[in-house]
Each structure stands twice: as C-alpha cells, then as structure tokens.
Amino acid sequence: MERWHWKDIIIATSSQMASSSPEAPCSCDCFVSVPPASAIPAVIFAKNSDRPRDEVQEVVFIPAGTHAPGSRLQCTYIEVEQVLKTHAVILSRPSWLWGAEMGANEHGVCIGNEAVWTKEPVGEGEALLGMDLLRLALERSSTAQEAVRVIAGLLERYGQGGSCREEPVPFCYHNTFLLADRTEAWVLETAGRLWAAQRIQGGARNISNQLSIGTDISAEHPELRSHAKAQGWWTGQGTFDFAEVFSLTQQPVRMEAAKARFRAGRELLLQQQGRITAEVMMDILRNKESGICMDSGGFRTTASMVSVLPQDPTKPCVHFLTATPDPSRSVFKPFIFEMGVAQAPQVLSPTFGAQDPVRILPRFQTQVDRQHLLYRGHQAALGLMEAGQDQGKQLRQMQQSLEQEGLEALRGLLTGGQTPPPQALGSLFQAFVEKEHQAYA
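Residues numbered from 1 in each chain as written. Predicted model: local features only at pLDDT ≥ 70, side-chain atom pairs only at ≥ 80, totals over all residues. Heavy atoms only, no water.

- The name an unreviewed UniProt entry assigns to the protein is Secernin-2, from the organism Mesocricetus auratus.

Following this line, the structure appears as structure tokens:
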C-alpha cells in the first residue's frame, strides 16, 4: 500500500452537522466499468447528478490555458493559487457555482463526486466545495491517479466546506469521488482533510453517498489511522477498515436509503459483467425502481453523463451529456475533444456578475432565473411526455432517435468504420444540442 504525504503532493499540484443534516435530501450515483467488465476494450464511466429539483445544470466547455506565475484563481467561495497550465475540460455543473458535479478533460480523465457524512464533523466555514475540487483536478491532471493526488493536496492545503445549495440555510457535506481514465479507475473517499483511495484495475464499481472503501486501501492520508486511534474510533489493533471506522455509528434514514441504491447499482452492474456498454450504463442511470433515476423529497436527477474511454489511445474518448433533468426523458448527446470544439450556447445559463446572489453577502437571499434555452424547451417537452399526450410520445420518439444517432457515431469511431474530419467531431455536441432544441421549439 502506498502512503502519500501531503507536502509532496502540494509540490506536485503547485458541532457535528448542525445545519448540514444528512436527513436533508441529497443523493448521487457513480458507476465505472473497467475491462473485462466492459463489453469493449474501454473504461466506461457514468453518473447521475441528483440535486434540488429546480436547480439548473449547464454544460460548459473550458479551453486549455496558460497562466502567469503567482496568479490566483477564484473558485465558488475562496481563491486558490493557479497553476501554470490547465487542461481543456467539459463540465456539467449547477449553474450558480464554479466547480462541477461531473466532467472530463482532454486527456480522457473523468470524475464524479458524491455527498457523504462521516464521524469527522462538517463545518460551515467556506473553503473548497467538492465540486470545486473536481474541476481543479480535471484542469490539472492527465491521469486518474494524478487527479487523486491533486485532490488530496488541495484538501490538505485549503480544506473542504461551504454550502452546497443555493439557499440561505447552509447545506454542507464532505465528498467521495469516482475517477477514471483510459486504463483504470480510482475511488477517493474523504472525511474532512483525511482520505483513503482504492485503485480499480478491472471489474465494475459504484458509489452512492456513503463510505465504501473497506480494507482494500491503495493509498491514504499519512495521519488517517493515527487520527482514528486518537479519536477512539479504532484500537490500532487488527485490520483497518476505513468505512467501518469512519462511518457514523447511527446512520440517518437518508444514508440507509443510499445503501439500498448502492446495493441495487452493484447488482445491476453484476448482471451485465462482461457486457457493459454505454447503452447499459444509460439504462442503469434511467432505472427508477432502484431510485438511481431520482425524483423525490424535493430532489431529482438534474443531469447525467456517460463516458467511453477506449484503451486504444488512437481512438477518441466520447462523453455523452444530457444537460437536462430526468435521464429517462432526456437525450445523451456526444461530446469529443477535437479541433473546432466550442461552447454550445443553448446549454449555457445566463450570468449575473456582481449581482449574483452567490456573490452578495449574506449569500442566497434572493433567487434568479438560471434556465438555459435547452432547459426551457425540455421542461415544456417533459410536461407533455409526463402527460402521455400524443405530442409527448412523438417527442420521446424523437429523443430516442437522436440518441441512437449519437450511439451509432460512437460505434463507427470505435470500429474504425467511420472517420469524420476532426472539425466535424469537435462540433458534434453542438450539432446534437441544436437538433434537440429545434425539436422542442
């Protein structure tokens, strides 16, 4: 087992939950398939982002950049030191914040995060959100393992904290992450500044709002065990089980529900072992019976993502994003980092500058309309589809047809039977967004 010290990582990366009650609705589900679990020679990543049901999630493309030595970077609440070079990223994010719920970078690194509560207290002080850590890791890492190191270093230096929803009453939590690249995946689970990580080099894995790393720890914070021993959570004798030691002794109802989703997600993956494809992952994300496709307690699945990361470096990674809520009535649209890639304006929310409620202290005292164009069209279509009207059925058929078109493009790229020019690949997501928006209009 490897133990990384935070000082080495920093150089490389240049009152228990009073208002952050885990009974409050919050859930997400992340999945990964690493060959031989995948049906194709590719790592397949997937996530449902479950957030307050009226929160808008936008899809944002950020190009690669170079930055002046010593420059600072404003995240959601705090500033951090900027690095000299950042990678291009595609992000699916709640439109009021800087970070992201899920995303990918130009090197084929994908990350999704989850809320988690442990024995380590969650403070209300503003620091880096888990979603900020996710974006920073994507911008600064070329492999999943490097992304683990980046997050660990940032945690040690800046900590995690701050409200994670756009409301006056703070809602705070710690984070777990699922990270993947073309060759492997990692699970990173945190408790304050402490963390444990597990490497996945084959098979399928999922996470769902709870600690899931037991004794199979691949890397950890150097003070993880000594802290647990000092707190009286571990005797220091026998096997160290991270989830057992750091999980809350009495699990709240919401986290018990997350256990059921975790078991259901694991079973859905096991049923498809060796046969997992992008379509299989999309079906799992659409599974309502298990609660993975969520709509309850004021929360719902507000956006979804599936990424196919071929082991062959000559083949492009393809990232499918919905940019709309409820994956069972949304279109997974393909995005590829290629020449000519640019922001799709229809999935970009309006901005409010210094007048944004997130920027005015005290924060979140007012509400603004953050709906982007595709979200507005989709909301109207969603109403028709839920009503079961003929027009709604036609819209759902349109969605399915459009999604199949994207999946066929993926199959062509993976088999070598279709090689569009790079410019066409770079504008693929924009083209699909335009088709969907026109259908709703």
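Concerning the overall build of the protein
Then, in step 1: Looking only at helices and strands, one finds 11 helices and 20 strands in the protein.
Then, in step 2: Counting only C-alpha atoms, the protein reaches 60 × 50 × 50 Å along its principal axes.
Then, in step 3: The proportion of buried residues among the 441 residues of the protein is 59%.
Then, in step 4: A distance of 1 Å separates the average location of the 40 positive side-chain charges in the protein from that of its 48 negative side-chain charges. (Helix = DSSP H or I, 4+ residues; strand = E, 2+ residues; numbered from the N terminus. Buried < 20%, exposed > 50% of the residue type's maximum accessible area, 1.4 Å probe, protein only. Lys, Arg positive; Asp, Glu negative; His and termini not counted. Charge placed at Lys NZ, Arg CZ, Asp CG, Glu CD.)

Concerning the packing of aromatic side chains
Describing an aromatic ring pair means giving the distance of the ring centres and the angle of the ring planes.
Then, in step 1: This structure, assessed with the given rule, holds 11 aromatic pairs.
Then, in step 2: Between the aromatic rings of Phe-61 and Phe-335, the centroid separation amounts to 6.1 Å while the plane-to-plane angle is 40°, which identifies the pairing as tilted. Here Phe-335 lies in strand S20 (residues 333-335) and Phe-61 lies in strand S4 (residues 57-62), a separation of 274 residues in the sequence. Across the pair, Phe-335 and Phe-61 agree in class, each one buried. (Phe/Tyr/Trp six-rings, centres within 6.5 Å; stacked < 30°, edge-to-face > 60°.)

So, the confidence of the model for the protein
Interpretation of the predicted coordinates at a detailed level should be avoided for regions scoring low in pLDDT.
Then, in step 1: Per-chain confidence: the protein averages 92 in pLDDT, with 93% of residues scoring 70 or above.
Then, in step 2: Overall, residues 2-25 carries pLDDT values under 50, and its contacts beyond four positions in sequence, including any with other chains, amount to 64 contacts. (pLDDT = per-residue confidence, 0-100. Contact = heavy atoms within 4.5 Å.)

A closer look at the pattern of salt bridges
Then, in step 1: Applying the stated criterion to the full structure yields 21 salt bridges.
Then, in step 2: Note that Arg-51 and Glu-55 form a salt bridge whose closest N and O atoms lie 2.6 Å from each other. The pair Arg-51 / Glu-55 is uniform in exposure class, with both members buried.
Then, in step 3: Among the ionic pairs, Glu-139 bridges to Arg-135, the shortest N-O distance being 3.0 Å. Taken as a pair, Glu-139 and Arg-135 lie in helix H2 (residues 130-140) at a separation of 4 residues, close to a single helical turn.
Then, in step 4: On the basis of relative accessibility, which here comes to 4%, the residue Glu-139 falls in the buried class. (Salt bridge = Lys/Arg side-chain N within 4 Å of Asp/Glu carboxyl O.)

Re the environment of Pro-168
Then, in step 1: Tracing the chain through its elements places Pro-168 in the loop between helix H3 (144-158) and strand S12 (174-180).
Then, in step 2: Note: C-alpha distance between Pro-168 and Gln-271 (103 residues apart in sequence) is 43 Å.
Then, in step 3: The residues touching Pro-168, leaving out its near neighbours within four places in the chain, are Arg-363, Phe-364 and Gln-365.

Focus on the pairing of strand S10 (residues 102-105)
Then, in step 1: Every second residue of S10 is oriented toward a common face, with Met-102 and Ala-104 on one face and Gly-103 and Asn-105 on the other, all of them buried.
Then, in step 2: With 4 bridges joining them, strand S9 (residues 89-94) and S10 adopt antiparallel strand pairing. Of the residues in S10, the one forming a bridge with Ser-92 is Met-102.
Then, in step 3: One ladder, built from 3 bridges, connects S10 with strand S11 (residues 110-116); its direction is antiparallel. Bridge pairing links Gly-103 to Ile-111 in S11.
Then, in step 4: The loop that links S10 with its antiparallel partner S11 comprises 4 residues; one of these, Gly-108, has a positive phi angle of about 85°. (Pairing = 2+ DSSP bridges.)

Thoughts on the nonpolar core
Then, in step 1: Ranked by size, the top nonpolar core spans 52 residues in total, and within it Ile-90, Phe-240, Phe-242, Phe-246, Phe-335, Val-347 and Phe-429 carry the most contacts.
Then, in step 2: Every residue in contact with Phe-240, bar those within four places of it in the chain, is listed here: Gly-214, Thr-215, Ile-217, Leu-224, Arg-225, Ala-228, Trp-234, Val-245 and Phe-246. (Core = buried A, V, L, I, M, F, W, Y, C linked by side-chain atoms within 4.5 Å.)

What about the packing of helix H8 (residues 373-387) against helix H9 (residues 390-415)?
Then, in step 1: Interhelical geometry of H8 versus H9 gives an angle of 120° and a closest axis separation of 7 Å. Between H8 and H9, the angle is such that the two are oblique. For the element pair H8 and H9, the recorded crossing hand is left-handed. On H9, the residues touching His-378, Ala-381, Leu-384 and Met-385 of H8 are Gln-391, Gly-392, Leu-395, Arg-396 and Gln-399.
Then, in step 2: When grouped by side-chain class, the residues that make up the contact of H8 with H9 number 4 nonpolar, 4 polar and 1 charged. (Axes fitted to C-alpha atoms, helices over the stretch in contact; angles between N-to-C directions. Parallel < 35°, antiparallel > 145°, perpendicular 65-115°, else oblique. Left-handed = near helix turned anticlockwise from the far one by under 90°. Nonpolar A, V, L, I, M, F, W, Y, C, P; charged D, E, K, R; others polar.)

Description of the side chain of Glu-101
Then, in step 1: Looking at where Glu-101 falls in the secondary structure, it is placed in the loop between S9 and S10.
Then, in step 2: Judged by its relative accessible area of 1%, Glu-101 is buried.
Then, in step 3: At a separation of 2.6 Å, a polar atom in the side chain of Glu-101 contacts the side chain of Ser-49. (Polar contact = N/O pair within 3.5 Å; in protein donor to acceptor, adjacent residues only side chain to side chain.)

Topic: helix H7 (residues 278-285)
Then, in step 1: Burial of H7 is extensive: 6 of the 8 residues sit out of reach of the surface.
Then, in step 2: Listed as buried for H7 are Ala-278, Val-280, Met-281, Met-282, Ile-284 and Leu-285.

Focus: the pairing of strand S13 (residues 185-191)
Then, in step 1: With 7 of 7 residues buried, S13 lies mostly within the body of the structure.
Then, in step 2: Side-chain alternation along S13 places Ala-185, Val-187, Glu-189 and Ala-191 on one buried face and Trp-186, Leu-188 and Thr-190 on a second face that is also buried.
Then, in step 3: Here S12 runs beside S13; their pairing, made up of 5 bridges, is antiparallel. Bridge pairing in S13 links Ala-180 to Ala-185.
Then, in step 4: If you look at the hairpin formed by S12 and S13, you'll find 4 residues sitting between the two strands.

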